[in-house]
Amino acid sequence: AGVGCRSVGRAAAMDGEERAPFPSVRWVAQSFVMRAKTAMACVGSVLLVIGVLVMALDLMAQTPQNNGDFFIRDARTVQEWDAVDLARDHILEHGLGTDDSEKANQPQTIDNREFTIFLLYKARDGGSVARPELLAEIQTLEARLLNDPEYDNLCLKASNPALKTPAELAARRCLPPYMFVEAPADAAQGTQDVPYPRLAPDDSAAQLDAKMSMYAELASLASLRDIFWDADFGDEGALASTYARSMFPMGLPLADDGSGSPFRGEDDRIEEQRRAFDDRIAAFRDYVAFEYDPDEEKPLQVIISGFRPLQYFFNTAANGDLVWATGSVMIVWIYVSFHMQSIFVGSMVMGIVLFTIPSALFVYKIVLGISFYQALTQLSIYIILALGADSAFVYVDAWNQAPDRAGFTLIDRVEYTLRRASKAILVPSLTTCVAFLATAVSDIMPIATFGIFSACLVVTNYVLDMTLLPAVVVVWERSVRAKERRCLRLSEQSERHDLIHYRKSMRKLALGKGGEAADGDAEQAAATKADPEAAATASPTAEASSSSKQRTPKLGEIRAAAASFRGEGDMPHPRLLERFFRDHWIQNISGLTPITVAAFLALFLGMVYSASTLKPLSQTEQWFPDAHPVRLAQTWPQDHFSRTDRDKTVEVDVVWGVLGVDREGADKYDTSQRGVPIWDAAFDVSSPAAQQYILDTCNDPAAPGALDKCFMAAFKEHVEAEGGAFPVVAPAGEDQRQGFESQLRAGAQDTSVGRDFATGGAVGFNADGSLAMCEIGFVTDL
């Protein structure tokens, strides 16, 4: 009786509901109801403006990938690396005696690995590649590259100090490619005489054997043998090689950017040159990838390799994977529309999710000022798809579960939904946002930016859910829902049966778990079958009182049943899943609490143990299937070729004059902003002991090849050629440092070798002529 006398007004309907996390919910609800279409138009206009700005400012453009993206900027090794690079750049830009033409005309070497192109070959039958039919196919393929109109622009050029203008630099002769097959006579490139034998398709078997024997026996061809043939070649007299490769040295500077604007050197607009290189090698790269697909059973398998082609294939695969995001959007849209029984709401929810991305990108790049945006960051779309759909489910379910009775207005329903759904959406959004923000402290910049962008997505999606979604649902309820139901022919009879089942469940709760109905219940069941609609409106309280097995319900059960009789709390028409949890799951799981806790505790302990056994990677992660061209380009050189002077080597630089790098004011999210070098004020190599020490370092066996790149050795030759003695000692009464540096500066400016060292960064002078830094370099293997 007490339950039946309670007020059913708006205040009673809201009694016990969670308060929204923002004030004036009633006023907000009135605004959405009175101006629903206006709210949709306003929010939509803001999103449209943001979308236009994102497109106009090209904010969705990816940051060019850089090897230093994943470096830890505060690590000592990275700081030393950046300090030396920045010092070199500073000297080349502001130092003494290097004009633009000299900078542009620096000698390029075969170590320019980023642009070098490899063609890898395999005889699919396991025999030798050096067979006439396969050699003919290799010759045809390589001639296609050599005759490409862009080859002369892309190939690595020989240095010529006499050439200074961009046109003269572009006219330099290409370095010869490393080919084991003769180029055809009509080839535009590759026909230069070379000091090693090349095979020809029309060679006889004896001629082929003789040439292959030269590679196997002559020590002078040992380095080329390691480049051309596989690791088993020459073992026990074997002259067959199942694998082979050719190398085509390519590099910068290119002649122009394609629009007639010349590049002044390899450091001029480097990213534009990289893009131009990729565009100009694309025709040959794509031809090889298509014509020699690894899945096709051709006698000759060909893989194009090199940093630039492999980077392209990797980006293509990553962007192709992002296409699956479109399929994910479609699947989520279909399920949301099905779950909500509304194509209109499902489409608007997907619109909110998709517009979340440019909106978050605007906040990420414009408001927060973070410029770094790469493929890893784009993976956040899968996160926002799940979170956006979940938020929409919560809101629309709260809307459907709102009381349905006389006097409960549309404003009441919006207020009820906001109070119930806003906090339910806020809690997972907040925890997800904080979890992603936790990655912002990572020293690895791409991981930190991924977390920050994902957090921006979560916050933006919550704002849109609380501003646009209520207006969408009001418009749907007023203008669209009835039309959709007529179009979809949804039957009201199913709703009546759901209501009957709901009332019976509440009566069953009052009688006890699993109790059988008394005679009165049997009569009621018969009446229900005869007139379902009348039974649906019958008083469940009267039904419960007529039962002979009635028990005294618990207080919580009375409150739940009373709330359901008034139309409060749960929806009056529960769906199958909701009935399962209400009628079966809760009733059964409540008696298994100890078992449930024990099961999850055991699961937690198992996960802790598994986490304790984690170890660092023992080998490089495999990103591609075994038969993928990128995977083959990585594994073939490792597994089937000998180590060459290009494989598994480390470039070592020993630098004096630079202490470190100052990153104050540098944007840590912009890899191009690395700071400024910190110079060593005490740097001085003018003493005879210091001069001799650097020369001895160049001669040290632990630094193989350092003497060939040693500025002090070149300076010694210059001094002795001028009739002087090394180490340089200033005459009595003269400053030792000024005397040494004046002679070093003269050698760097007056001799071709000295200019190469000066413009290459081996010695660097300040604008006032003083020595700022010096270095020696060598390459050692692992």
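Residues numbered from 1 in each chain as written. Predicted model: local features only at pLDDT ≥ 70, side-chain atom pairs only at ≥ 80, totals over all residues. Heavy atoms only, no water.

Asks: A description of the state of the cysteines should follow, citing residues and the corresponding values.
Replies: Here the structure, examined in full by the defined rule, presents 2 disulfides. The disulfide bridge from C155 ends at C174, spanning 1.7 Å between sulfur atoms. Disulfide C155-C174: torsion about the S-S bond near -60 degrees, hence left-handed. Placement of the pair is C155 in the loop between α7 (151-154) and α8 (166-170) and C174 in the loop between α8 and α9 (205-217), with a sequence separation of 19 residues. When sorted by exposure, C155 lands in the same class as C174, which is buried. The side chain of C698 participates in a disulfide bridge whose partner is C710; the two sulfur atoms lie 2.0 Å from each other. Disulfide C698-C710: torsion about the S-S bond near 75 degrees, hence right-handed. You can see C698 sitting in helix α27 (residues 688-698) and its partner C710 sitting in the loop between α27 and α28 (711-721), a full 12 residues away along the chain. Summarising the burial analysis for this pair, C698 and C710 share the class buried. (Disulfide = S-S within 2.5 Å. Helix = DSSP H or I, 4+ residues; strand = E, 2+ residues; numbered from the N terminus. Buried < 20%, exposed > 50% of the residue type's maximum accessible area, 1.4 Å probe, protein only.)

Asks: So what's going on with a nonpolar patch on the surface? Residues and values would help.
Replies: Among the surface-exposed residues, F600, L601, L603, F604, L605, M607 and V608 lie close enough to one another that they form a single nonpolar patch of about 720 Å² accessible area. Inspection of the secondary structure puts V608 in helix α25 (residues 593-612). (Patch = residues over 30% accessible without salt bridge, like charges linked within 9 Å, V, L, I, M, F, W, Y side chains within 5 Å. Areas by Shrake-Rupley, 256 points an atom, 1.4 Å probe, with all protein chains shown as cover. Salt bridge = Lys/Arg side-chain N within 4 Å of Asp/Glu carboxyl O.)

Asks: I'd like to hear about the sheet that holds strand β1 (residues 117-123), residue by residue, with values.
Replies: Strand order in this open sheet of 3 strands is β2-β1-β3, and the pairing throughout is antiparallel. Of all strands in the sheet, those bounded by a partner on one side alone are β2 (243-248) and β3 (300-305). Recorded for the sheet is a direction-independent mean angle of 20 degrees between the axes of neighbouring strands. Note that β1 and β3 share 6 bridges and pair antiparallel. For L119, the partnering residue across the bridge sits in β3 and is I304. Lying on the sheet, helix α6 (residues 132-146) is in contact with β1, β2 and β3; it crosses β1 at an angle near 165 degrees. Sitting on the sheet, helix α26 (residues 629-640) touches β1, β2 and β3, and the angle it makes with β3 is about 100 degrees. (Pairing = 2+ DSSP bridges. Axes fitted to C-alpha atoms, helices over the stretch in contact; angles between N-to-C directions. Contact = heavy atoms within 4.5 Å.)

Asks: Tell me about a positive patch on the surface, and please be specific about residues and values.
Replies: Together, K37, R478, K483 and R486 make up a region of like positive charge exposed at the surface. Looking at the positive patch element by element, the count peaks at 3 residues for helix α18 (residues 469-488). Structurally, K37 can be placed in helix α3 (residues 36-56). (Lys, Arg positive; Asp, Glu negative; His and termini not counted. Charge placed at Lys NZ, Arg CZ, Asp CG, Glu CD.)

Asks: Give me the environment of I138: which residues, what numbers.
Replies: Residue placement: I138 occurs in helix α6. For I138, a relative accessible area of 0% puts it in the buried group. Between the C-alpha atoms of I138 and L119, which are 19 residues apart in sequence, the distance is 9.5 Å.

Asks: How would you summarise the environment of Q743 if you had to cite specific residues and measurements?
Replies: Summarising the element assignment, Q743 is placed in helix α29 (residues 736-750). Distance from Q743 to V719, taken between C-alpha atoms, is 7.8 Å for residues 24 residues apart in sequence. Discounting residues that sit within four places of it in the chain, Q743 has contacts with F715, H718, V719 and V728.

Asks: How would you explain the packing of α28 against α29 if you had to name every residue and give the values?
Replies: Where α28 contacts α29, the axes come no closer than 10 Å and their chain directions differ by 95 degrees. Relative to α29, the element α28 lies roughly perpendicular. Residues F711, M712, F715, H718 and V719 of α28 form the contact with α29, whose own contacting residues are F740, Q743, L744, A746 and G747. Taken together, the residues of the contact of α28 with α29 break down into 7 nonpolar, 3 polar and no charged. (Parallel < 35°, antiparallel > 145°, perpendicular 65-115°, else oblique. Nonpolar A, V, L, I, M, F, W, Y, C, P; charged D, E, K, R; others polar.)

Asks: Can you tell me about the pattern of salt bridges, naming the residues and giving the values?
Replies: One pass over the structure, following the stated rule, counts 26 salt bridges. The salt bridge partner of R274 is E114, with a shortest N-O separation of 2.5 Å. Placement of R274 in helix α11 (residues 270-291) and of E114 in the loop between α5 (100-104) and β1 is noted, with a sequence separation of 160 residues between them. Notably, a salt bridge pairs D203 with K211, separated by 2.8 Å at the nearest N-O pair. Here D203 matches K211 in class, with each residue buried. Through salt bridges with shared partners, a single network forms among D82, D85, R88, D89, D653, R663, R674 and E775.

Asks: Describe the pairing of β1, and please don't skip the residues or the numbers.
Replies: A large share of β1 lies buried, amounting to 6 of its 7 residues. Both β1 and β2 contribute to a ladder of 6 bridges, which runs antiparallel. In the strand pairing of β2, Y121 is matched with A244.

Asks: With reference to specific residues and values, describe α28.
Replies: Within α28, the full set of buried residues consists of F711, M712, A713, F715, H718 and V719. Of the residues trailing α28, G723 is marked for its positive phi of about 90 degrees.

Asks: Can you lay out the packing of aromatic side chains for me, pointing to particular residues and giving the numbers?
Replies: Inspection of the entire model under this criterion finds 23 aromatic pairs. Measuring from centroid to centroid gives 5.7 Å for Y373 and F453, while their planes differ by 70 degrees, and the two rings are edge-to-face. Here F453 lies in helix α17 (residues 445-467) and Y373 lies in the loop between α13 (343-367) and α14 (375-378), a separation of 80 residues in the sequence. Residue F453 is classed as buried on the basis of its relative accessible area of 2%. (Phe/Tyr/Trp six-rings, centres within 6.5 Å; stacked < 30°, edge-to-face > 60°.)

Asks: Give me the packing of α13 against α17: which residues, what numbers.
Replies: Here α13 crosses α17 at 125 degrees, and the two axes come no closer than 8 Å. The orientation of α13 with respect to α17, classified from their angle, is oblique. When you trace α13 past α17, the crossing you get is right-handed. Two secondary-structure elements touch here, α13 through I352, V353, F355, T356, I357, S359, A360, L361, V363 and Y364 and α17 through T449, I452, F453, C456, L457, T460, N461, L464 and D465. (Left-handed = near helix turned anticlockwise from the far one by under 90°.)

Asks: Before we move on, could you go through the confidence of the model for the protein and cite the residues and values that matter?
Replies: Across the protein, pLDDT averages 77, with 76% of residues at or above 70. Predicted confidence for residues 491-499 stays below pLDDT 50, and this span has 10 contacts to residues more than four positions away or in other chains. Contacts of residues 531-571 to residues separated by more than four positions or lying in other chains number 64 contacts, the stretch itself having pLDDT below 50. (pLDDT = per-residue confidence, 0-100.)

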